[in-house]
Amino acid sequence: MRNKKLIIIFSVICVLTLLVVLNSVVFSVQHIDAYCYNADDRALESTVVSATGLKKGKSIFTVNEEKVIATIESNVTNIRVRNIERKFPNRVCVNYVKIFPYLQLYRDGKYYVCGNDARIMEMRDEAMDAQTIIELKSDATLAGGQKGEALFPTDSAAHKTVTEILGALEQIQYHNEIVELIRFIDIRKDGFAYVKMDAGVTIKIIGMDGLFDKVVFGMSIYVRSDDAHKKAGTITVSGGTNTYTPEDLYQKEMGNYQ
């Protein structure tokens, strides 16, 4: 009976020891990766990895995502971390976007350049080259109009709209490619967004609910279209459906806004 108890105790100790070993070796951070959605910048990836503050050998279960994000963004100011992925058993991946000038809004004699974090990067007296930035058309009130501030008040519909559009664009393609594809975005009409492609066609989005997905869907339709449909007409996106008409609905519906 005594031997049986000793065997049970010994077995329990072995199991606990094994769990400790597995937790400290198998489930410890051995690889740290970084992935940028909107740029191919290997030097920046290396900088982000170094800025995580994570040490190899740390238990993957004790990685504090919020702390890692705060550490990275405080040390690398030109990025925004989307999320931290724990890929078992021993890999951590930082998914992030690089802050670029995406939108340009003209207001009261100034051009406000907005990054993909929906904040003002700079104010200019002259417009940026149209091939390097997307024109934003909006009548919404500015937040404060100062560098580093949100372009629109963070509790406003305009801010939510711009944030979702930017989130979609930065995920679709690299920055330098997407700004060349789009001529302007018009959000002046309530409940609608018009994305004018440089090739000529307009993507008309109806309804601001699920705007992120609608922008991604509309852009995917555009990419799959033939050259004739890219050069003229209107792609209308509403929910998960789309239609095409050869008529330029933007000119028809927004003529009074020109």
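Residues numbered from 1 in each chain as written. Predicted model: local features only at pLDDT ≥ 70, side-chain atom pairs only at ≥ 80, totals over all residues. Heavy atoms only, no water.

On to the sheet that holds strand 4 (residues 101-107). The sheet built from nine strands is open, its strands ordered 6-5-4-7-8-9-10-11-12 with mixed pairing. Each edge of the sheet is formed by a strand with only one pairing partner; in this case those strands are strand 6 (120-124) and strand 12 (241-245). Taking the axes of each pair of neighbouring strands and ignoring which way they run, one obtains an average angle of 20 degrees across the sheet. Against the sheet, helix 4 (residues 157-172) contacts strand 4, strand 5 (110-115), strand 7 (134-137) and strand 8 (182-186), and its axis sits at roughly 145 degrees relative to strand 4. (Pairing = 2+ DSSP bridges. Helix = DSSP H or I, 4+ residues; strand = E, 2+ residues; numbered from the N terminus. Axes fitted to C-alpha atoms, helices over the stretch in contact; angles between N-to-C directions. Contact = heavy atoms within 4.5 Å.)

Our next topic: the packing of helix 4 against helix 6 (residues 211-224). One way to put it is that helix 4 packs onto helix 6 with a least axis distance of 8 Å and a crossing angle of 40 degrees. Judged by the inter-axis angle, helix 4 sits oblique to helix 6. Between helix 4 and helix 6 the crossing geometry is right-handed. Between helix 4 and helix 6, the residues in contact are T161, E164, I165, G167, A168, L169, Q171 and I172 and L211, F212, V215, V216 and M219, respectively. A breakdown of the residues in the contact of helix 4 with helix 6 according to their chemical character gives nine nonpolar, three polar and one charged. (Parallel < 35°, antiparallel > 145°, perpendicular 65-115°, else oblique. Left-handed = near helix turned anticlockwise from the far one by under 90°. Nonpolar A, V, L, I, M, F, W, Y, C, P; charged D, E, K, R; others polar.)

Before going further, it helps to examine the sheet that holds strand 1 (residues 31-36). Here three strands make up an open sheet; going across it, the order is 1-3-2 and the pairing mixed. Each edge of the sheet is formed by a strand with only one pairing partner; in this case those strands are strand 1 and strand 2 (79-87). Each strand axis lies, on average, 20 degrees off the axis of its neighbour in the sheet, ignoring direction. Sheet contacts for helix 3 (residues 65-75): strand 2 and strand 3 (91-98); angle to strand 2, the most-contacted strand, approximately 145 degrees.

Moving on, we get to the pairing of strand 5. Direction of pairing for strand 4 relative to strand 5: antiparallel, over a ladder of six bridges. Paired with R107 across the bridge in strand 5 is K110. For strand 5 and strand 6, the ladder comprises four bridges, and the chain directions are antiparallel. Along strand 6, the bridge assignment pairs Y112 with M123. What sits between strand 5 and strand 6 in their antiparallel hairpin is a turn of four residues, with A118 showing a positive phi close to 65 degrees.

A few words now on the nonpolar core. Judged by nonpolar contacts, the single largest core of 57 residues is most densely connected at Y96, L103, L151, L169, I182, I185 and I203. Counting residues per element, this core draws most heavily on helix 4, which supplies six residues. Among residues more than four places away in sequence, those in contact with I203 are A193, Y194, V195, M197, G218, M219, Y222, I235 and V237. (Core = buried A, V, L, I, M, F, W, Y, C linked by side-chain atoms within 4.5 Å. Buried < 20%, exposed > 50% of the residue type's maximum accessible area, 1.4 Å probe, protein only.)

Everything listed here is a matter of coordinates, which is why it stays silent on function.
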